[in-house]
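# A structural walkthrough
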Amino acid sequence: MGHRRASLSTEERFGELKTPIEQFRHIGHEYVQKWHDDGTTTITDGQEFYTSTIQPVAIPPGLRTRLLTEGEKGDLRQINGEMGYGKETRPDAMGRISYSQQNMDKDACVEHLVEANKALAVLHDSEAVKVLTYAPLRQDRLKLVAIADGALRKKSEKYSQGCFYILIIEVLEGDVGGRCWVVEFRSKRATRVSNSSMSAEILILVRASEALQRISAWLYEIFNGVERARDLLDLPNVFPTQLVSDAFDVFQTLQCSRPYQGADESLSTYLECLREDLLHGRLEEFVWVPTDSMLADGGSKVMDDVLAAALLRNGGWWPSEYKILFRANMDGADSIDKRKEGLDYDEDWEAPIGDSLSWYYGCTQVAWVAQGCSGTCPLCTGSHYECEEDKTPLTYWYT
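Bear in mind the structure is a predicted one, so any value in this text is a computation, not a measurement.

Parameters at a glance
- Residues numbered from 1 in each chain as written.
- Predicted model: local features only at pLDDT ≥ 70, side-chain atom pairs only at ≥ 80, totals over all residues.
- Heavy atoms only, no water.
- Helix = DSSP H or I, 4+ residues; strand = E, 2+ residues; numbered from the N terminus.
- Buried < 20%, exposed > 50% of the residue type's maximum accessible area, 1.4 Å probe, protein only.
- Areas by Shrake-Rupley, 256 points an atom, 1.4 Å probe, with all protein chains shown as cover.
- Core = buried A, V, L, I, M, F, W, Y, C linked by side-chain atoms within 4.5 Å.
- Contact = heavy atoms within 4.5 Å.
- Axes fitted to C-alpha atoms, helices over the stretch in contact; angles between N-to-C directions.
- Parallel < 35°, antiparallel > 145°, perpendicular 65-115°, else oblique.
- Left-handed = near helix turned anticlockwise from the far one by under 90°.
- Nonpolar A, V, L, I, M, F, W, Y, C, P; charged D, E, K, R; others polar.
- Pairing = 2+ DSSP bridges.
- Polar contact = N/O pair within 3.5 Å; in protein donor to acceptor, adjacent residues only side chain to side chain.
- Expected span 1.5 Å × (residues − 1).
- Arc of directions from axis to C-beta.

## Regarding the overall build of the chain
For the chain, the count of helices and strands is twelve helices and twelve strands. Considering the chain as a whole, with its 399 residues, one finds that 45% of them fall into the buried category. In the structure as shown, the chain presents an accessible area of about 21600 Å², 51% of it carried by carbon and sulfur atoms.

## Describing the nonpolar core
In this structure, Leu144, Ile166, Leu243, Val250, Leu254 and Phe286 are the most contacted members of the largest nonpolar core, which totals 40 residues. Sorting the residues of this core by element identifies strand S5 (142–152), strand S6 (159–170), helix H6 (197–224), helix H7 (248–255), helix H8 (265–279) and strand S9 (285–288) as the ones contributing at least two each. A total of ten residues in this core trace back to one element, the largest contributor, which is H6. When near neighbours in sequence (up to four residues on either side) are disregarded, isoleucine 166 contacts Leu144, Val145, Ala146, Trp181, Val182, Val183, Glu184, Ala208, Ala211, Leu212 and Ile215. Core analysis: the next-biggest nonpolar cluster, separate from the first, contains 29 residues, Phe185, Val287, Trp317 and Trp368 among them.

## Here we look at the packing of H7 against H8
Put simply, H7 and H8 touch, their axes get as near as 11 Å, and they point 60 degrees apart. Between H7 and H8, the crossing angle belongs to the class labelled oblique. H7 and H8 meet at a crossing whose hand is right-handed. Facing Val250, Thr253 and Leu254 of H7, the residues of H8 in contact are Leu271, Leu274, Arg275 and Leu278. Broken down by class, the residue content of the contact of H7 with H8 amounts to five nonpolar, one polar and one charged.

## Some remarks on the pairing of S9
Because side chains alternate across S9, one face comprises the buried residues Glu285 and Val287, and the other comprises Phe286 and Trp288, equally buried. Bridge count for strand S8 (residues 241–245) against S9 is four bridges, and the pairing is parallel. Residue pairing across strands places leucine 243 opposite phenylalanine 286, the latter belonging to S9. Bridge count for S9 against strand S11 (residues 322–326) is four bridges, and the pairing is antiparallel. Bridge pairing in S11 places phenylalanine 286 opposite leucine 325.

## Digging into the packing of H6 against H8
Relative orientation of the contacting elements H6 and H8 amounts to 35 degrees, with a least axis distance of 10 Å. Of the two possible hands of crossing, H6 and H8 adopt the one that is left-handed. On H8, the residues touching Met198, Ser199, Ile202, Leu203, Leu205, Val206, Ser209 and Gln213 of H6 are Leu267, Tyr270, Leu271, Leu274 and Asp277. Per-class residue counts for the contact of H6 with H8 are nine nonpolar, three polar and one charged.

## Considering the side chain of glutamine 47
Summarising the element assignment, glutamine 47 is placed in the loop between strand S3 (41–46) and helix H2 (48–51). Within polar-contact distance, the side chain of glutamine 47 engages the side chain of histidine 29 at 3.5 Å. Within the structure, the side chain of glutamine 47 is placed 3.3 Å from the backbone nitrogen of glutamate 88, a separation counted as a polar contact. Beyond its immediate chain neighbours, meaning those up to four positions away, glutamine 47 contacts Gly28, His29, Tyr85, Gly86, Lys87, Glu88, Thr89 and Lys130.

## As for helix H3 (residues 70–86)
Under the 1.5 Å per step criterion, the end-to-end length of H3 is 24 Å for 17 residues, consistent within 8% with the ideal 24 Å. Along H3, the residues classified as buried are Glu72, Lys73, Leu76, Ile79, Asn80, Met83, Gly84 and Gly86. One face of H3 carries all of its buried residues, which in axial projection span an arc of 160 degrees. Turning to H3, the residues buried within the fold contact H2, helix H4 (94–101) and helix H5 (110–123).

This is the structure:
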């Protein structure tokens, strides 16, 4: 019904709908549509015709630590701007380009020109797949997935680098991974200080969760239509939503039935935001994958992004293994920890069971949010403290 209303509204504004052309260019993107015998289509989105025209900057002789002249800063600014637009269909170049764009400050030096040229070389790689592919997927097996990773840039840097992907994945086997459509991908330096890798991970997870909820509401509007902005509040998800991280300490903390408490109050707040998203069903699953399967890893560092290149080449993402948290009984009332404290604790109580064959596709643990961590999370073990000063906060509360 929503599709029909959207079709009629479009015809009223622009006239009768016609068969779209198979290839066209629009604001720097080239779209190609291929029809299949069953009437479905595969669409590719690329920018090669634009990125191939970007020229590397000249590297002046001498020390690479020399500060840039005003003219050289202009060259760096130009190539970063051109690459910033050209990476919209190249997630495999996102990490290097994002770091290069952050070098435009008063301390910009010759080495930053070299780094910009290295980022451009990734865009110009003749062996890389340079288009995003949108092939037909089974609508009854789709999940809306956010994959997020954060990394501390270096010891002298207070702010972490975060990257996330939003994918629509056709999950045919197990609970995670499959052929997909790339909806969005971003890499950006955090605006808040990160004192630990766990803090860096949580900052980008919250940001990815917000983007996931926004796109979920956008999909609802496309499928069903809304008349007012207020209609987008508290909507059901069109597809099951899933948040993926390689931070096992965050996975354990969300599994624990105790609220996270640490010297960093903002970190505690962000963790509770993730719990609340799960409590209200904005997120339905939280998944841990190993770092070697973390798709967003290359976008948060300066490195060869093997996983993003494989995503472009294969049209999908499949982790080698995963652990999954479901949101059932997540208020903690039925958790292992609380059962141990009560008189009705059943020692034979078992963890929840998902897909009976999920272990065959790489699942190594199935659990509930707030089920209980059995004393293994950073809060229960005390490992969330970064130093002795963290154990003695500067602010005390008196009663």
